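# Structure assessment
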Amino acid sequence: TASTQLLELINDILDLERLVQHGPNFPPEAVALDDTIGDVCQMLSSMAEELDISLVTKVDETSRVCTDERAVRTVLTNLLSNAIKYSRRGGVVQVSALRVEQGVQIAVSDHGVGISEEKLDWVFQPFFRGHERDLPSVGGTGLGLTLVKQLVDALGGDIEVRSKLGQGTTVNLTLPEMTQ
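One structure accompanies this document, and this report is about it. (Residues numbered from 1 in each chain as written. Predicted model: local features only at pLDDT ≥ 70, side-chain atom pairs only at ≥ 80, totals over all residues. Heavy atoms only, no water.)

## Concerning the packing of helix α2 (residues 33–50) against helix α3 (residues 69–85)
Packing of α2 against α3 brings their axes to within 10 Å, and their N-to-C directions diverge by 40°. Between α2 and α3, the crossing angle belongs to the class labelled oblique. Once α2 is placed against α3, the crossing between them reads as right-handed. Between α2 and α3, the contacting residues are Leu33, Thr36, Ile37, Asp39, Val40, Cys41, Met43, Leu44, Met47 and Ala48 on the first element and Glu69, Val72, Arg73, Leu76, Thr77, Leu80, Ser81, Ile84 and Lys85 on the second. Class assignment of the residues belonging to the contact of α2 with α3 gives a composition of 12 nonpolar, 3 polar and 4 charged. (Axes fitted to C-alpha atoms, helices over the stretch in contact; angles between N-to-C directions. Helix = DSSP H or I, 4+ residues; strand = E, 2+ residues; numbered from the N terminus. Parallel < 35°, antiparallel > 145°, perpendicular 65-115°, else oblique. Left-handed = near helix turned anticlockwise from the far one by under 90°. Contact = heavy atoms within 4.5 Å. Nonpolar A, V, L, I, M, F, W, Y, C, P; charged D, E, K, R; others polar.)

Structure representation (structure tokens):
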């Protein structure tokens, strides 16, 4: 509904404003990514079921980092909900996490509509909507990936998007260990 979309927009703007005004203020805590990813997938399972999307996880059980769990949950929720929304009915959305020397690498992939190469540079810009004409029914505020980028940067991580129009999108992010 319009009121729900307005509330989402206001909350996203407030989250971004807090991050810009106050900078990152993340108390590091041990985060077990297998549990966190499982929780986010469970939270989004009804959305996926409505679109007949299968959520597949491949998480190394040793994928633990000392970081901010709330920020990681926000990042994963945004990435997975986008992957679900932009997937074709009956598709698969995959999320993986692998422990690496620098911390942990997380990948969220879909085989959905994809993003054209010329639009990839814009995906983290506020209010960018790469598929509005093609998918007018896909909701959202246009601030989710902006917030994701800000949070990943604040956590000292890296994020990149690879996509091919008509073939799908993969978002890769690396989160470093935070020292206590």
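Moving on from the model shown.
## Topic: the pairing of strand β6 (residues 158–164)
By the alternation rule, side chains of β6 split into Ile159, Val161 and Ser163, which are all buried, and Asp158, Glu160, Arg162 and Lys164, of which none is buried. In the sheet, β6 pairs with strand β7 (residues 168–176) via 7 bridges, with the strands oriented antiparallel. Within β7, the position partnered with glutamate 160 by the bridge is asparagine 172. Connecting β6 to the antiparallel partner β7 that follows it, the hairpin turn spans 3 residues, and glycine 166 within it adopts a positive phi of roughly 80°. (Buried < 20%, exposed > 50% of the residue type's maximum accessible area, 1.4 Å probe, protein only. Pairing = 2+ DSSP bridges.)

## Looking at the environment of leucine 143
By secondary structure assignment, the location of leucine 143 is in the loop between β5 (103–110) and α4 (144–154). Classification of leucine 143 by relative accessible area gives buried; the value is 3%. For the pair leucine 143 and proline 126, spaced 17 residues apart in sequence, the C-alpha to C-alpha distance is 5.2 Å.

## Remarks on α4
Buried within α4 we find Gly144, Leu145, Thr146, Leu147, Val148, Leu151 and Val152. Phi for glycine 156, located one or two positions after α4, is positive at around 80°.

## Comments concerning the sheet that holds strand β4 (residues 92–100)
Spatial strand order, β2-β4-β5-β7-β6: 5 strands in an open sheet with mixed pairing. The open sheet terminates on both sides in strands that have one partner only, identified here as β2 (54–59) and β6. With strand direction ignored, the average angle separating the axes of adjacent strands in the sheet is 10°. Sheet analysis places β2 next to β4, joined by 6 bridges and oriented parallel. Looking across to β4, one finds that valine 59 is bridged to alanine 97.

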